[in-house]
Amino acid sequence: MTRFTVTFCCLLIFSSPATFSAGLVYDISTYLTASEAKQRYTACMVLGELPLDGETESRLRNLHKKKPKELDPLCLAYVLAKRTQERAYQDEFIRLYPSGKQQSSVWQKHTEAGYPFGIVSPLGVHLADLARTNDVALVKLASGLPFVDGAYAESLVDELASLYRINPDRVNRALRSASAEAHTQLIRETALQKEKQHE
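Residues numbered from 1 in each chain as written. Predicted model: local features only at pLDDT ≥ 70, side-chain atom pairs only at ≥ 80, totals over all residues. Heavy atoms only, no water.

### Details of the packing of helix α6 (residues 87-96) against helix α8 (residues 122-131)
Thinking step 1. Put simply, α6 and α8 touch, their axes get as near as 11 Å, and they point 120° apart. As for how α6 packs across α8, the hand of that crossing is left-handed. Two secondary-structure elements touch here, α6 through Gln90, Phe93 and Ile94 and α8 through Leu123, His126, Leu127 and Leu130. (Axes fitted to C-alpha atoms, helices over the stretch in contact; angles between N-to-C directions. Helix = DSSP H or I, 4+ residues; strand = E, 2+ residues; numbered from the N terminus. Left-handed = near helix turned anticlockwise from the far one by under 90°. Contact = heavy atoms within 4.5 Å.)

Written out as structure tokens, the structure is:
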């Protein structure tokens, strides 16, 4: 874990989001265009957990319009989608989130940044949240199944199993659309295990 990541994470651990000054949140947002990819990614993950003051939100919206070359469009869409809850940003985040094997780029960035906020990338967690009501997000989520392993695979199966418990037909359709039908049995079995745990 880099010193930069540790500093940001310590700030979050020892302060509640409500106590963050607007100036500090704004300062963190300036790292979205830092020269180092790890700093950009970590700043993105931190901003996703903090309430945005008016000045910072305005800066992020302006970055979204200008799209400087250093900016990671997926990261910015994530912050704006999560913090504003606006449909346009949510749709853009879903569109920009990679499909299938390309999802490894998200896992790689998260690993290289030192796993800020845990083993699973907050980007994937947010996609799973949106997949609860958005079919496009659900298909994109399922498309990573044939290519994922380790903790990422466990998390992805767990998310899909939770959704399967709510609506099996919807998840089955998504698995077919994502060419991930081979994982249907695993999703079903995991959903049944979850059901037993809640009995």
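Next comes the rest of the write-up.
### Things to note about the confidence of the model for the protein
Atomic detail in the predicted coordinates should be set aside for any region of low pLDDT.
Thinking step 1. Here the protein averages 88 in pLDDT, while 89% of its residues score no lower than 70.
Thinking step 2. Scored below 50 in pLDDT, residues 3-7 makes 9 contacts in the model with residues more than four places away or belonging to other chains.
Thinking step 3. Under a pLDDT of 50 for its full length, residues 10-15 has, in the predicted model, 7 contacts with residues more than four places off or in other chains. (pLDDT = per-residue confidence, 0-100.)

### Description of empty space enclosed by the protein
Thinking step 1. Considering all chains together, one arrives at 1 cavity of 30 Å³ or more under this definition.
Thinking step 2. If you add up the space inside the largest cavity, you get close to 170 Å³.
Thinking step 3. As for the largest cavity, its lining consists of 16 residues, of which Trp107, Val120, Gly124, Leu141 and Leu156 are closest to the centre.
Thinking step 4. Only α7 (104-112), α8 and α10 (150-166) provide two or more residues apiece to the lining of the largest cavity.
Thinking step 5. The residue makeup of the lining of the largest cavity, split by class, is 11 nonpolar, 4 polar and 1 charged. (1 Å grid on protein atoms, 1.4 Å probe; cavity = no way out; pocket = protein on both sides within 12 Å on 5 of 7 lines; lining within 4 Å. Points joined across faces, edges and corners; volume = space filled by probe spheres on them. Nonpolar A, V, L, I, M, F, W, Y, C, P; charged D, E, K, R; others polar.)

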